[in-house]
Each structure stands twice: as structure tokens, then as C-alpha cells.
Amino acid sequence: MPWLGALLTNLLGGSIATMLFGAGLALTTYAVSKPLILSMLTEAATRFNNIGGSLLQVMLIAGLGEVVTIIGSAILTRLGIQAARVMLVRRSA
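A quick note: this is a predicted structure, and the numbers were derived from the prediction, not measured. (Residues numbered from 1 in each chain as written. Predicted model: local features only at pLDDT ≥ 70, side-chain atom pairs only at ≥ 80, totals over all residues. Heavy atoms only, no water.)

> Can you walk me through the overall build of the protein in this structure?
What the protein contains, in helices and strands, is four helices and zero strands. Going from the N terminus to the C terminus, the protein shows its helices and strands as α-α-α-α. In the protein, which comprises 93 residues, the proportion classed as buried is 14%. Pairs at least 24 apart in sequence give 74% of the contacts found in the protein among residues at least 6 apart. (Helix = DSSP H or I, 4+ residues; strand = E, 2+ residues; numbered from the N terminus. Buried < 20%, exposed > 50% of the residue type's maximum accessible area, 1.4 Å probe, protein only. Contact = heavy atoms within 4.5 Å.)

Here you go:
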């Protein structure tokens, strides 16, 4: 997609084009990866359905729900930071 960068540079100027191109890369990365991570978390929750009721209750009392939420939030936060880093690197280049 070098032609897109050249087109934006000619139309909008160097810094604005680089910033928009980097932002587009960051949003694309986040938009593609987020459904994959959410489907992974859904699959993990589905796998817990096969556990016996008593064992599952003990695990939930111990905080399993919070653990899965924390792990999912951490993964999505890291993905957002990586996407922002891509945008900043493309902007400064």
C-alpha cells in the first residue's frame, strides 16, 4: 500500500498523511485482533461448562470469574497499546 501513503502525502502534506496512515494501521490492527481475542475468551468460558457444578462453584467462589476478566482486559489493553505504538512509529517515520 505504498501508493496510499504517496497519495495522502500529495493531498494532505507529509506529517498529516503519515499520522493518518499510522492511525489507520493502528485501528485495523485493533479491529482485526479484538474479535479473535473475544472468541478465545468465549471458548474458554464454554470449556468451563463441562466442569461439575460443585467444582465450578468452588472455582467461582475462589475468584475464577475475576481472573478471566482480568486476563481478557490485560490482553485487550496490551493490544491497544501495541496499536497505538504502531501509529506513533508510523507517524514519526
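> Could you clarify how one ought to interpret the pattern of salt bridges in this entry?
Where charged atoms from two side chains of opposite charge come close, those side chains can pair. Scanning all chains against the criterion turns up one salt bridge. When the shortest N-O distance is used, the salt bridge between Arg-47 and Glu-43 registers 2.8 Å. With Arg-47 and Glu-43 both in helix 2 (residues 14-47), this residue pair falls four residues apart, about one helical turn. (Salt bridge = Lys/Arg side-chain N within 4 Å of Asp/Glu carboxyl O.)

> I keep staring at helix 3 (residues 53-62) and nothing clicks. Help me out?
Because an α-helix completes one turn every 3.6 residues, residues spaced three or four positions apart along the sequence face the same direction. Within helix 3, only zero of the 10 residues are buried, leaving the element largely exposed. Backbone geometry just downstream of helix 3 places Gly-63 in the positive-phi region, at approximately 110°.

> Sorry, what's going on with the environment of Thr-69 here?
Mapping Thr-69 onto the fold places it in helix 4 (residues 64-92). With 28 residues separating them along the chain, Thr-69 and Leu-41 place their C-alpha atoms 8.9 Å apart. A polar contact is formed between the side chain of Thr-69 and the backbone oxygen of Gly-65, at a distance of 2.9 Å. (Polar contact = N/O pair within 3.5 Å; in protein donor to acceptor, adjacent residues only side chain to side chain.)

> Could you clarify how one ought to interpret the confidence of the model for the protein in this entry?
The pLDDT averaged across the protein works out to 75; a share of 67% of its residues lies at or above 70. Ranking the elements of the protein by mean pLDDT puts helix 1 (residues 2-12) last, at 66, and helix 3 first, at 85. (pLDDT = per-residue confidence, 0-100.)

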